[in-house]
Amino acid sequence: MTLSNDASGTAAGPYQAAGSLQGRTLLISGGSRGIGLAIATRAARDGANIVLLAKTGQPHAKLEGTVYSAAEQIEAAGGQALPLAGDVRNDDDVAGAVAAAVERFGGIDIVINNASAIDLSTTDAVDMKRYDLMQDINVRGTFLLSKLALPALRESGAGHILTLSPPLNLDPKWAGMHLAYTMAKYGMSLTTLGLAEELKGDRISVNSLWPCTLINTAAIRNMPGGDLIVKGARGPEIVADAAHAVLTGSNATPDSGSRSGNFYTDEQVLAAAGVTDFTPYSLGAPESRLVPDIFL
């Protein structure tokens, strides 16, 4: 089901876009499924150029889709796609993706740091290989992709880095529940905080976006009890619409007065864009039964 309107108003849904990403080039990490693919598909409906850097180049036994099937979906939605099988942990893969985006589409306007690993184990229980994986993908991958894309983003004249990471909530309970994962996600958020300040004079906006509820993704479904948990989730389209609103300026100017350095939630952004009813994004559960996301 299509849940949002493009700028021309050709599709019905709760989000009425005030701007368009037509002709803009997005470089997205981990966009072969889930939230990343939803963001890419929403941008494609405007006629955007999408460069996907994702690890799944071959069909996976437990994960739906590949970077190539995602590209087909993007092109069917009206965008141009450049699928690249690669790993954000690999410097050469990331540098190659940036270079390929510039060569194919003439530049990069938007970077979406979507790739992320999750393990909610306590400190005693977490395997250090999983700890390293989360640090490498979440923190280092976000930093590396942002860093290597900076020259192209400066050339854009209106560059934007949007990272899927939470507000820096220092309530001790979040560190106490799953310290390894919290450190990894907050590392992504610190990248937003630091780059927004560092790039103030470069006409590059840097923001984070986080869902208020659980989102129906493979990462959640593959967790123990995941099939039951997602019954209280929303679809990834709500994050896609919120990302579109942030990237096009369709949401109201934040209280800070700046469109950079913000830690948005999907509901906050869409409410500012005029959405009053979030029920179409639900998988069927009433709003009162939705499972809140962590870190909020």
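One can find the structure itself at the top, above this paragraph.
Below is a summary of the structure that appears in this document.

Cut-offs and rules
- Residues numbered from 1 in each chain as written.
- Predicted model: local features only at pLDDT ≥ 70, side-chain atom pairs only at ≥ 80, totals over all residues.
- Heavy atoms only, no water.
- Phe/Tyr/Trp six-rings, centres within 6.5 Å; stacked < 30°, edge-to-face > 60°.
- Helix = DSSP H or I, 4+ residues; strand = E, 2+ residues; numbered from the N terminus.
- Buried < 20%, exposed > 50% of the residue type's maximum accessible area, 1.4 Å probe, protein only.
- Core = buried A, V, L, I, M, F, W, Y, C linked by side-chain atoms within 4.5 Å.
- Contact = heavy atoms within 4.5 Å.
- Axes fitted to C-alpha atoms, helices over the stretch in contact; angles between N-to-C directions.
- Parallel < 35°, antiparallel > 145°, perpendicular 65-115°, else oblique.
- Left-handed = near helix turned anticlockwise from the far one by under 90°.
- Nonpolar A, V, L, I, M, F, W, Y, C, P; charged D, E, K, R; others polar.
- Pairing = 2+ DSSP bridges.

This part is about the packing of aromatic side chains. This model, assessed by the stated rule, comprises four aromatic pairs. Aromatic side chains Tyr186 and Phe295 sit 5.2 Å apart centroid to centroid with 50° between the ring planes, which places their arrangement in the tilted category. Pair noted here: Tyr186 is in helix α6 (residues 179-198) and Phe295 is in the segment after α10 (266-272), with a separation of 109 residues, a long-range link. This pair shows no difference in class: Tyr186 is buried, exactly as Phe295 is. The structure contains a cluster of three or more aromatic residues connected by ring pairs, namely Trp174, Tyr181, Tyr186, Trp210 and Phe295.

Turning our eyes to something else, we now look at the nonpolar core. Within the largest apolar cluster, 42 residues are counted, with the highest numbers of intra-cluster contacts made by Leu26, Ile50, Ile112 and Leu209. Looking at this core element by element, the count peaks at eight residues for helix α9 (residues 237-248). Contacts of Leu209, omitting those with residues within four sequence positions, involve Leu162, Thr163, Leu164, Ser165, Val239, Ala242, Ala243, Tyr264, Thr265, Asp266 and Val269.

Another aspect to go through is the packing of helix α1 (residues 34-44) against helix α2 (residues 67-76). Two numbers describe how α1 lies on α2: the axes approach to 8 Å, and their chain directions differ by 30°. Taken as axis vectors, α1 and α2 run roughly parallel relative to one another. Considering how the two elements wind past one another, α1 and α2 form a crossing that is right-handed. Of the residues in α2, those touching α1 at Leu37, Ala40, Thr41 and Ala44 are Ala70, Gln73 and Ile74. In terms of residue class, the contact of α1 with α2 is made up of five nonpolar, two polar and no charged.

A separate point is α1. Where burial is concerned, most of α1 is hidden: 10 out of the 11 residues are buried. Every buried residue of α1 is listed here: Ile35, Gly36, Leu37, Ala38, Ile39, Ala40, Thr41, Arg42, Ala43 and Ala44.

Right, let's talk about the sheet that holds strand β3 (residues 25-29) for a bit. The seven strands lie next to each other as β5-β4-β3-β6-β7-β8-β9, forming an open sheet whose pairing is parallel. With one partner strand each, in any of the chains shown, β5 (80-85) and β9 (263-265) form the two edges of the open sheet. For this sheet the average axis-to-axis angle between neighbouring strands, irrespective of direction, equals 20°. In the sheet, β3 pairs with strand β4 (residues 49-54) via five bridges, with the strands oriented parallel. Bridging across to β4, Leu26 finds its partner in Ile50. Its contacts with the sheet place α6 against β6 (110-113), β7 (159-164), β8 (204-210) and β9, and it is angled at close to 155° to β8. Packed onto the sheet, α9 meets β3, β6, β7, β8 and β9 and runs at close to 155° relative to β7.

The next subject is unusual backbone geometry. A positive phi is found at Arg203, a non-glycine position, where the angle reads about 55°. Secondary-structure assignment places Arg203 in the loop between α6 and β8. Note on Arg203: relative accessible area 61%, which makes it exposed. At Phe295, a residue that is not glycine, the phi angle is positive and equals roughly 80°. The exposure class of Phe295 is buried, given its relative accessible area of 1%.

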